Amino acid sequence: MASTGAQRVSATGRGEEIPPEDIIFGRSPVMQALRQKIDKVAAASVPILIQGDSGTGKGVLARYLHSRSSIASGPFTKVNCAAIPGTLLESELFGYEKGAFTGAYAAKQGRVELANGGTLFLDGIDEIDMGLQAKLLQLLQDAQFCRIGGREDITVQIRVICATNRPLEREIAIGRFRQDLYYRINVVNITLPQLRARAEDIGDLAAYFLKRHQKRHNNAVRDFSATLLRLLEKHPWPGNIRELENLIERYVILGSEEAVSAELLHWDRTHAVPDLPAHGPIHLKKVTRQAVQELEGRIILSVLEANRWNRKRTASELKISYRALLYKIRQAGLPPKRSLRRTAEIVPSPLPPDIPALD
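What follows concerns the overall build of the protein. Of regular secondary structure, the protein possesses 15 helices and 7 strands. In the protein, which comprises 359 residues, the proportion classed as buried is 42%. Expressed as a percentage of contacts within the protein between residues at least 6 apart in sequence, the contacts between residues at least 24 apart total 74%. Total accessible area computed for the protein in this model is approximately 18,900 Å², and 51% of it derives from carbon and sulfur atoms.

Structural data, given as structure tokens:
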């Protein structure tokens, strides 16, 4: 088994760059509140548990926490627990001595040793099996471990940051995660919000990824149009920040805002699910009205496309007036023309004075 080595914080290499603080935390209230908490705990050496959906930036936050700690000059060693089979994860974490098993021709340091003097980041902590969880618990309690096949304990000084996209309380309840280990890793808990809960940050994130991938691919493209920015802000982003970055990279490679806009519009047409609050009361009338408006916009777009964007024919088929259709097109944020090829130049104008506001 070859060692994969430690992953250090670096400004080079995709996936290792730490974005500027104003990009990580943005301007949304939920992230600003999170930033205040992180400022208080970053320098401490206590274990931190980062929770959040896939793609919300748990790995980036872990590297940021390391960079703000007193051990920032030490290694940042990442272990993707979900990507390493359970039978190999123990040797990957704790290493082994020569002759410990067939094929162990030489001793090997594990990731825990490689992280000595720095941070050990366990991404997907919920993927570790129960037997290995007990050994990890010993490491957190005593700062000691033993290599596979070894007889002596090795002492290390590390900070442990764990991440998961599953609620560990549920994993404990069904017997897949040790409760005592949960209390050890959960000294400080940080929960990252979904991207749709911080819509104010989407424009800045998109601009950051645009600049980053233009440099990476050496391919200059036009800045986003107002129409595309509205589509980005309205999209629910089930894949969160990772999905946004992938879409922006696709835009840089293809150089076509039309293709990206069409992709977002198609997704919105086929996933008509209202965005409900995660906590607190649900205002049925408000949510229903929003869902109806969104569905209305998708229906209008579908009929427009079926009629090749002939708006008079579309209005006739929808049994509404032409003026009402123009208003609803604007209200739904749809592009006023059929072609999105030049959306960078399309900035919807105010409604004509002869078109009344509709309820």
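Further remarks concern the environment of Lys 98. Here Lys 98 lies in the loop between helix 4 (86-94) and helix 5 (111-114). Considered as a pair, Lys 98 and Gly 149 are 51 residues apart in the sequence and their alpha carbons are 7.8 Å apart.

Turning our eyes to something else, we now look at the nonpolar core. In this structure, Leu 232, Trp 237, Leu 244, Ile 248, Leu 264 and Leu 334 are the most contacted members of the largest nonpolar core, which totals 32 residues. Secondary-structure elements contributing two or more residues to this core are helix 9 (202-217), helix 10 (226-234), helix 11 (240-254), helix 12 (257-270), helix 13 (284-306) and helix 15 (322-331). Dropping the residues within four chain positions of it, Leu 264 is found in contact with Leu 228, Leu 231, Leu 232, His 235, Trp 237 and Leu 247. Formed by 28 residues, the second largest nonpolar core is a distinct cluster that contains Leu 49, Val 112, Leu 140 and Phe 177.

A word on the packing of helix 9 against helix 11. Closest axis-to-axis distance for the helix 9/helix 11 pair is 9 Å, and the angle between their directions is 45°. If you check the angle between helix 9 and helix 11, you find them oblique. The two elements helix 9 and helix 11 meet at a crossing, and its hand is right-handed. Within the contact between the two elements, helix 9 uses Ile 202, Leu 205, Ala 206, Phe 209, Leu 210, Arg 212, His 213, Gln 214, Arg 216 and His 217 and helix 11 uses Ile 241, Leu 244, Glu 245, Ile 248, Glu 249, Tyr 251, Val 252 and Ile 253. Residue composition of the contact of helix 9 with helix 11, by class: 11 nonpolar, 3 polar and 4 charged.

All right, on to unusual backbone geometry then. One non-glycine residue, Trp 237, adopts positive backbone phi at about 50°. Along the polypeptide, Trp 237 turns up in the loop between helix 10 and helix 11. Residues other than glycine seldom take positive phi values, yet Asn 240 does so here, at roughly 60°. Note on placement: Asn 240 falls in helix 11. When its relative accessible area of 1% is taken as the criterion, Asn 240 is described as buried.

In this structure the tally under the stated criterion is 7 aromatic pairs. Consider the rings of Phe 25 and Tyr 64, whose centres lie 5.3 Å apart with planes at 75°: the pair is edge-to-face. Remark: Tyr 64 occurs in helix 3 (residues 58-67) and Phe 25 occurs in helix 1 (residues 21-25); sequence separation between them is 39 residues. The same class applies to Phe 25 and to Tyr 64, which are both buried.

Inspection of the secondary structure puts Leu 122 in strand 3 (residues 119-123). The sequence separation of Leu 122 and Leu 49 amounts to 73 residues, and the corresponding C-alpha distance is 9.6 Å. Each residue touching Leu 122, except ones within four places of it in the same chain, is listed here: Val 79, Cys 81, Leu 93, Leu 136, Val 160, Ile 161, Cys 162 and Ala 163.

Opposite charge on two side chains lets them pair, provided their charged atoms get close. The full count for this structure, using the stated rule, is 18 salt bridges. The closest approach of N and O atoms between Asp 126 and Arg 166, which form a salt bridge, is 3.2 Å. With Asp 126 in the loop between strand 3 and helix 6 (130-142) and Arg 166 in the loop between strand 6 (159-164) and helix 7 (168-173), the pair connects residues that are 40 residues apart, well separated along the chain. With relative accessibility at 29%, the residue Arg 166 sits in the partly exposed group. Residues Glu 127 and Arg 166 are paired through a salt bridge, measuring 3.3 Å at the closest nitrogen-oxygen approach. Taken together, the positions of Glu 127 in the loop between strand 3 and helix 6 and Arg 166 in the loop between strand 6 and helix 7 put the pair 39 residues apart, joining distant regions of the chain. Residue Glu 127 is classed as partly exposed on the basis of its relative accessible area, which comes to 38%.

Read from one edge to the other, the open sheet built from 5 strands follows the order 2-3-6-1-7, with strand pairing classed as parallel. Each edge of the open sheet is held by one strand with a lone partner, namely strand 2 (76-80) and strand 7 (188-191). Taken pair by pair, the neighbouring strands of this sheet meet at an average axis angle of 20°, ignoring direction.

With that settled, consider the pairing of strand 6. Moving residue by residue along a regular strand, the side chains alternate between the two faces of the sheet. For strand 6, the buried fraction is high: 6 of the 6 residues fall into the buried class. Here strand 6 shows no split at all, with Arg 159, Ile 161 and Ala 163 on one side and Val 160, Cys 162 and Thr 164 on the other all buried. Pairing analysis gives 4 bridges linking strand 1 (residues 48-51) to strand 6, with the strands arranged parallel. Counterpart to Gln 51 in the pairing with strand 6 is Thr 164. Of the pairings in the sheet, the one linking strand 3 to strand 6 comprises 5 bridges and is parallel in character. When the sheet's bridge partners are listed, Phe 121 is paired in strand 6 with Ile 161.

Reading guide: rules and limits
Residues numbered from 1 in each chain as written. Predicted model: local features only at pLDDT ≥ 70, side-chain atom pairs only at ≥ 80, totals over all residues. Heavy atoms only, no water. Helix = DSSP H or I, 4+ residues; strand = E, 2+ residues; numbered from the N terminus. Buried < 20%, exposed > 50% of the residue type's maximum accessible area, 1.4 Å probe, protein only. Contact = heavy atoms within 4.5 Å. Areas by Shrake-Rupley, 256 points an atom, 1.4 Å probe, with all protein chains shown as cover. Core = buried A, V, L, I, M, F, W, Y, C linked by side-chain atoms within 4.5 Å. Axes fitted to C-alpha atoms, helices over the stretch in contact; angles between N-to-C directions. Parallel < 35°, antiparallel > 145°, perpendicular 65-115°, else oblique. Left-handed = near helix turned anticlockwise from the far one by under 90°. Nonpolar A, V, L, I, M, F, W, Y, C, P; charged D, E, K, R; others polar. Phe/Tyr/Trp six-rings, centres within 6.5 Å; stacked < 30°, edge-to-face > 60°. Salt bridge = Lys/Arg side-chain N within 4 Å of Asp/Glu carboxyl O. Pairing = 2+ DSSP bridges.

On their own, these measurements won't tell you what the molecule is for.
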